[in-house]
Amino acid sequence: MDEITSEAQLRALLGEPMPAALAKERTALADVDREWLAASPFCLVATSTANGECDVSPKGDPPGFTLVLDERTIAIPERAGNRRADGYRNILANPHVGLIYLLPGRTDTLRINGRARLVTEPALLDRMVVKGHRPVLAVVVDVEQVFHHCGKAFLRSQLWDPESWRPDAVPTRARIAHALERKDEPLEELERYYSTATYSAGLYPTT
């Protein structure tokens, strides 16, 4: 397998970036970035361990779940999950994070890179209550780089085109869990556990 091992080889294949692609990087949020964050219900958070092992975690909530504290600082609430805390543990070892914010139906995205910390400031968490759920922590990100990214990947993948959707192309989440993770549990119980109704009931626990 032929392998690229230097930036010179990479540039020989891809060429140099357009000046506009380099110039669009900023170090602070503009008004349109604030509008985007206020409208976005979903983001992907990339983290890594101190030795470079990577993780990407999805975060979703009602639009505007990411708070803009100032032009260089944002905050993301923690919500109930599986308690693995992979990304949070990574942040403790390596604060560098990369975020991609999506708007359903839009092919462009907002990208934010910076340094993160885990906080439990009561006044901040009080601003993040949703359906009675107050997060126990928040990820505060000091923005170092922000820019809008083009939509070519979304256009190529037809991600927002319902005619391209094939949710039944692979086994259900319950069947995957039964085959790989929870083999000793009856499939029927797993199907009930992973049902939309069951999951929805536990999205915002208040106790």
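All values derive from a computational prediction rather than experimental measurement.

### Some points on the side chain of Ser 57
Now for step 1: By the secondary structure assignment, Ser 57 is in strand β2 (residues 54–60).
Now for step 2: The buried category is assigned to Ser 57, whose relative accessible area is 17%.
Now for step 3: A distance of 2.9 Å separates polar atoms of two side chains, one belonging to Ser 57 and the other to Asp 55.

### Some words on the nonpolar core
Now for step 1: Judged by nonpolar contacts, the single largest core of 22 residues is most densely connected at Ile 74, Leu 99, Tyr 101 and Ile 112.
Now for step 2: Of all the secondary structure elements, the ones that give two or more residues to this core are α3 (31–39), β1 (42–48), β4 (73–77), α4 (86–93), β5 (96–102), β6 (109–119) and β7 (138–149).
Now for step 3: Per element, the largest residue contribution to this core is 4 residues, and it comes from β7.
Now for step 4: If you look at the next biggest cluster of nonpolar residues, it comprises 8 residues, including Leu 67, Val 119, Leu 125 and Met 128.

### Quick notes on the packing of aromatic side chains
Now for step 1: The full count for this structure, using the stated rule, is 5 aromatic pairs.
Now for step 2: Each ring, one from Tyr 193 and one from Tyr 199, has its centre 5.9 Å from the other, and the planes form 85°; the classification is edge-to-face.
Now for step 3: Tyr 193 gets classed as partly exposed once you look at its relative accessible area, which sits at 39%.
Now for step 4: With a relative accessible area of 41%, Tyr 199 lands in the partly exposed category.
Now for step 5: For the ring pair Tyr 194 and Tyr 199, a centre distance of 5.8 Å and an interplane angle of 40° mean the geometry is tilted.
Now for step 6: In this structure, Arg 182 packs its charged tip against the face of Tyr 193, placed 4.9 Å from the ring centre.

### Some remarks on α4
Three- or four-residue spacings in an α-helix give side chains the same orientation, since the helix completes a turn every 3.6 residues.
Now for step 1: The complete set of buried residues in α4 reads Asp 86, Gly 87, Tyr 88, Asn 90 and Ile 91.
Now for step 2: Contact partners of the buried residues in α4: β1, β2, β5, β6 and β7.

### Points about α3
Now for step 1: Among all positions in α3, only Asp 33, Trp 36 and Leu 37 are buried. Along the long axis of α3, the arc covered by the buried residues comes to 95°, so they all point the same way. Residues of α3 that are exposed and point over 90 degrees away from its buried face: Asp 31 and Glu 35.
Now for step 2: Where the residues of α3 are buried, they touch β3 (67–70), β4, β5, β6 and β7.

### Considering a nonpolar patch on the surface
Now for step 1: Judged by side-chain polarity, Ile 4, Leu 10, Leu 13 and Leu 14 come together as a nonpolar surface patch covering roughly 400 Å² of accessible area.
Now for step 2: In this structure, Leu 10 sits in helix α1 (residues 7–14).

### As for the UniProt feature "domain: Pyridoxamine 5'-phosphate oxidase N-terminal" (unreviewed entry) in the protein
Now for step 1: Residues annotated in UniProt with the feature "domain: Pyridoxamine 5'-phosphate oxidase N-terminal" (unreviewed entry) correspond here to residues 34–150.
Now for step 2: Split by type, residues 34–150 is 16% helix and 45% strand. Its first and last C-alpha atoms lie 18 Å apart.

### Overview of the pattern of salt bridges
Now for step 1: Throughout the structure, instances matching the rule amount to 11 salt bridges.
Now for step 2: In this structure, Arg 134 engages Asp 126 in a salt bridge whose closest nitrogen and oxygen atoms are separated by 2.6 Å.
Now for step 3: Residue classification places Asp 126 among the partly exposed positions, given a relative accessible area of 47%.

Analysis parameters
Residues numbered from 1 in each chain as written. Predicted model: local features only at pLDDT ≥ 70, side-chain atom pairs only at ≥ 80, totals over all residues. Heavy atoms only, no water. Helix = DSSP H or I, 4+ residues; strand = E, 2+ residues; numbered from the N terminus. Buried < 20%, exposed > 50% of the residue type's maximum accessible area, 1.4 Å probe, protein only. Polar contact = N/O pair within 3.5 Å; in protein donor to acceptor, adjacent residues only side chain to side chain. Core = buried A, V, L, I, M, F, W, Y, C linked by side-chain atoms within 4.5 Å. Phe/Tyr/Trp six-rings, centres within 6.5 Å; stacked < 30°, edge-to-face > 60°. Lys NZ or Arg CZ within 6 Å of the ring centre and 35° of its normal. Contact = heavy atoms within 4.5 Å. Arc of directions from axis to C-beta. Patch = residues over 30% accessible without salt bridge, like charges linked within 9 Å, V, L, I, M, F, W, Y side chains within 5 Å. Areas by Shrake-Rupley, 256 points an atom, 1.4 Å probe, with all protein chains shown as cover. Salt bridge = Lys/Arg side-chain N within 4 Å of Asp/Glu carboxyl O. UniProt positions renumbered as here; feature names shortened; annotations may be inferred.

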